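Survey of secondary and tertiary structure
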Amino acid sequence: MKVTFLGTGTSQGIPVIGSKHPVCLSTDNRDKRLRVSVWVQWEGASFVIDCGPDFRQQMLVNNVERIDGIFFTHEHADHTAGIDDIRPYVFRQGALPIYAHQRVLNEFHKRFEYVFAQENRYPGAPEVVAHQIDNTPFELKGKTIVPISVWHDTLQVFGFRIDCFAYLTDMKTIDDSELEKLKGVKVLVVNALREEPHASHFNLEEALEFINIVKPERAYLTHISHLLGFHAEVEKKLPKNVFLAFDTLTIDI
Ligand SMILES: [Zn+2]
């Protein structure tokens with residue numbers, strides 16, 4: 001399996017528009033972070049997790065010719081606002097499968113009404129096949145996808161485990177029953193916003209504590225704010241098996 005980080009930034013991305021913060025002005029490409037998303041590939045399969053406002057750019061930068069579907073973690077705009085740009089895939093491949101909690105699908109019907117409209121459809125509108133995820137594992141292209149339910153303050157969010165890889169973002173807490181599902185994970189991706197605490201995201205300390213509980217072989221941090229600091233400096237402070245993800249980083253699992 002191959003995982004490519006398409007975006008590793010928090011909701012505003014880095015640089016923040018108009019910001020004079022030193023991290024926003026950094027010339028290190030690893031300090032430029034699009035909104036959070038990953039591309040997961042295995043034999044005969046190509047899936048993206050989340051479809052934020054940078055989706056088009058991410059597909060171009062990483063030359064993603066085909067996707068078999070999109071998994072959604074939750075409905076916040078930094079994870080969903082790019083849906084209109086699935087159209088090139090729809091035109092070539094047909095209606096695109098999407099996988100999300102029923103609450104998220106309901107939200108999509110409101111925000112992207114034209115995507116789901118049955119009548120008077122504009123001919124160029126995106127087409128999707130919606131699949132509801134209900135916190136039970138499902139099979140796709142020869143693998144079992146295990147949803148993991150976590151809390152983003154009081155909002156439920158899905159993470160996903162595929163074999164020994166797990167991807168969790170926008171997480172602040174997790175119930176013990178869900179933590180069980182992470183047993184044996186070798187590569188863990190988890191959000192770490194900044195050093196200061198935040199109501200709905202792990203800060204760096206909480207992310208590292210969580211990694212210590214799960215004990216993967218390797219962990220990667222994502223959903224990063226400019227306030228966390230320069231990539232090159234933060235990286236030096238991390239334990240040996242923990243890495244700051246950056247956009248376009250590809251890992252083999
Ligand atoms: Zn987010």
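Quick caveat, the model's predicted, so the values are computed rather than measured. All residue numbers here refer to positions counted from 1 along the written sequence of the relevant chain. Reporting in this predicted model follows two pLDDT cut-offs: at least 70 for local features of residues, and 80 or more for side-chain atom pairs to be given and counted; totals over whole chains, interfaces and linings ignore these cut-offs and use all residues.

1. A closer look at the overall build of the protein chain
Where we set the bar: Secondary structure elements are defined from DSSP: runs of H or I of at least 4 residues count as helices, runs of E of at least 2 residues count as strands, and each element is numbered from the N terminus. Counting other C-beta atoms within 10 Å of its own, a residue is labelled buried from 20 upward, exposed at 12 or fewer, and partly exposed in the gap between, with every C-beta atom placed from the backbone. With C-beta atoms placed from the backbone, a contact is any residue pair whose C-beta atoms sit within 7 Å.
Broken down by element type, the protein chain carries eight helices and 14 strands. Classification of the 253 residues of the protein chain by burial places 40% in the buried group. Within the protein chain, contacts between residues at least 6 apart in sequence are counted, and of these 60% link residues at least 24 apart.

2. Things to note about unusual backbone geometry
Across the junction of Ile 14 and Pro 15, the peptide omega takes the value 0°, indicating a cis bond. Take Pro 15: it is sitting in the loop between strand 1 (2-7) and strand 2 (37-42). Of note, the phi angle at His 223 is positive, near 55°, even though the residue is not glycine. Considering the arrangement of structural elements, one finds His 223 in the loop between strand 12 (218-222) and helix 8 (231-236).

3. Digging into the environment of Thr 73
Within the element layout of this structure, Thr 73 appears in the loop between strand 4 (69-71) and helix 2 (77-80). The spatial distance from the C-alpha of Thr 73 to the C-alpha of Asp 54 is 16 Å, given a sequence separation of 19 residues.

4. A closer look at the sheet that holds strand 6 (residues 128-132)
Operational definition: Pairs of strands are assigned from DSSP output, requiring at least two bridges between the strands. Axis lines are fitted through C-alpha atoms, for helices just across the contact stretch, and the angle between N-to-C directions can take any value from 0 to 180 degrees.
Pairing is mixed in the open sheet, where seven strands are placed in the order 6-5-4-3-2-1-14. The sheet terminates laterally at strand 6 and strand 14 (250-252), the two strands that pair on one side only. The sheet shows a mean angle of 20° between the axes of neighbouring strands, direction not considered.

5. With respect to the sheet that holds strand 10 (residues 165-168)
Within the open sheet, the seven strands sit side by side as 7-8-9-10-11-12-13. Their pairing is mixed. Edge strands, defined here as strands with exactly one partner in the open sheet, are strand 7 (138-140) and strand 13 (242-244). The sheet shows a mean angle of 25° between the axes of neighbouring strands, direction not considered. Sheet strands touched by helix 7 (residues 204-214): strand 11 (187-191), strand 12 and strand 13. Its angle to strand 11, the strand with the most contacts, is close to 155°.

6. Description of the environment of Gly 44
Along the chain, Gly 44 turns up in the loop between strand 2 and strand 3 (45-49). The sequence separation of Gly 44 and Ala 125 amounts to 81 residues, and the corresponding C-alpha distance is 27 Å.

7. Things to note about the nonpolar core
Stated precisely, the cut-off is as follows: Each nonpolar core consists of buried Ala, Val, Leu, Ile, Met, Phe, Trp, Tyr and Cys residues. Their C-beta atoms, within 7 Å, join them into a set.
The biggest cluster of nonpolar side chains holds 58 residues, and the ones touching the most others in it are Ala 166, Leu 168, Val 189, Val 190, Ala 192, Ala 207 and Leu 221. Look past the residues within four positions of Ala 207 in its chain and what remains in contact with it is Val 190, Asn 191, Ala 192, Phe 202 and Leu 221.

8. Examining helix 7
For the record, the criterion: The arc in question is formed by the directions pointing from the helix axis toward the C-beta atoms.
Listed in full, the buried residues belonging to helix 7 are Leu 204, Ala 207, Phe 210 and Ile 211. Down the axis, helix 7 shows its buried residues gathered within 125° of arc, on one side only. Exposed and facing more than 90 degrees away from the buried side of helix 7 are Glu 205, Glu 209, Asn 212 and Ile 213. At the C-terminal side of helix 7, Lys 215 shows a positive phi close to 55°.

9. Section: the pairing of strand 10
Residues Phe 165 and Tyr 167 line one face of strand 10 and the alternating positions Ala 166 and Leu 168 line the opposite face, and both faces are buried. Two elements, strand 9 (residues 155-162) and strand 10, share three bridges in a ladder whose sense is antiparallel. Bridge pairing links Arg 161 to Ala 166 in strand 10. The antiparallel hairpin formed by strand 9 and strand 10 contains two residues in its connecting segment, where Asp 163 sits at a positive phi of about 55°. Inspection of the sheet shows strand 10 paired to strand 11 by four bridges, in the parallel sense. For Tyr 167, the partnering residue across the bridge sits in strand 11 and is Val 189.

10. Observations concerning the environment of Thr 144
Mapping Thr 144 onto the fold places it in strand 8 (residues 143-152). Spatially, the C-alpha atoms of Thr 144 and Leu 25 are 42 Å apart, while their sequence positions differ by 119 residues. With residues up to four places along the chain from it excluded, the contact list for Thr 144 reads Pro 137 and Glu 139.

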